[in-house]
Amino acid sequence: MASIRELKKDINSVLGGIIEAVYIVEASNGEQNSKEGSKIIDDAIGTFDELIAKVNDKEVENRKAHLKKVREELEEKANKLVVKVNKLAS
């Protein structure tokens, strides 16, 4: 089950990196705890909770296909969050 472990690590790393990027952008702009930044962080945490719940769901028929969809969803949602971080930076 190394792939499940790796997927969980990827979810944590990617979304943690996005949260860290928000803090860095806010610090460089001189804005701490902006509404936009807080919204992005909340979205990242919500996405983390949602994806981890899906990974832990053992009731699916085809586990391998399910985990592949979770990985694709991570990529899609992370890209959307990165776009929001980039808008925050400009």
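Residues numbered from 1 in each chain as written. Predicted model: local features only at pLDDT ≥ 70, side-chain atom pairs only at ≥ 80, totals over all residues. Heavy atoms only, no water.

Q: Can you break down the pattern of salt bridges residue by residue, with the values?
A: Under the definition given, this model contains 8 salt bridges. We note a salt bridge from lysine 80 to glutamate 76, for which the minimum N-O separation is 3.5 Å. With lysine 80 and glutamate 76 both in helix H3 (residues 63–89) and 4 residues apart, this pair spans about one turn of that helix. Looking at glutamate 76, the relative accessible area reads 45%, which means it is partly exposed. Sharing partners across several salt bridges, the network here consists of Glu50, Lys54, Glu73 and Lys77. (Salt bridge = Lys/Arg side-chain N within 4 Å of Asp/Glu carboxyl O. Helix = DSSP H or I, 4+ residues; strand = E, 2+ residues; numbered from the N terminus. Buried < 20%, exposed > 50% of the residue type's maximum accessible area, 1.4 Å probe, protein only.)

Q: How would you explain the side chain of serine 34 if you had to name every residue and give the values?
A: Structurally, serine 34 can be placed in the loop between helix H1 (2–29) and helix H2 (35–56). Serine 34 gets classed as buried once you look at its relative accessible area, which sits at 8%. At 3.0 Å, the side chain of serine 34 and the backbone nitrogen of glycine 37 are in polar contact. Apart from the residues within four sequence positions on either side, serine 34 is in contact with Glu26 and Leu88. (Polar contact = N/O pair within 3.5 Å; in protein donor to acceptor, adjacent residues only side chain to side chain. Contact = heavy atoms within 4.5 Å.)

Q: Give a description of the nonpolar core that names residues and reports values.
A: Within the largest apolar cluster, 21 residues are counted, with the highest numbers of intra-cluster contacts made by Ile11, Ile18, Ile40 and Val55. At the level of elements, H1, H2 and H3 are the ones that each hand at least two residues to this core. Per element, the largest residue contribution to this core is 8 residues, and it comes from H1. The residues touching isoleucine 18, leaving out its near neighbours within four places in the chain, are Ile40, Ala78, Leu81, Val82 and Val85. (Core = buried A, V, L, I, M, F, W, Y, C linked by side-chain atoms within 4.5 Å.)

Q: Explain the packing of H2 against H3 residue by residue, including any values.
A: The geometry of H2 relative to H3 is characterised by a closest axis approach of 10 Å and an angle of 175° between their N-to-C directions. Looking at the two axes, H2 sits roughly antiparallel to H3. On H3, the residues touching Glu36, Gly37, Ile40, Asp43, Ala44, Thr47, Glu50, Leu51, Lys54 and Val55 of H2 are Arg63, His66, Leu67, Val70, Glu73, Leu74, Lys77, Leu81, Lys84, Val85 and Leu88. Here the contact of H2 with H3 is built from residues that sort into 10 nonpolar, 3 polar and 8 charged. (Axes fitted to C-alpha atoms, helices over the stretch in contact; angles between N-to-C directions. Parallel < 35°, antiparallel > 145°, perpendicular 65-115°, else oblique. Nonpolar A, V, L, I, M, F, W, Y, C, P; charged D, E, K, R; others polar.)

Q: Explain H2 to me, and be specific about the residues and the numbers.
A: Counted at 1.5 Å a residue, the expected span for H2 with its 22 residues is 32 Å, and the 32 Å between its end C-alpha atoms agrees. Restricting attention to buried positions, one finds in H2 the residues Gly37, Ile40, Ile41, Asp43, Ala44, Thr47, Leu51, Ile52 and Val55. Across the axial projection of H2, the buried residues extend over an arc of 160°, all falling on one side. Of the exposed residues in H2, those oriented more than 90 degrees away from the buried face are Lys35 and Asp42. (Expected span 1.5 Å × (residues − 1). Arc of directions from axis to C-beta.)

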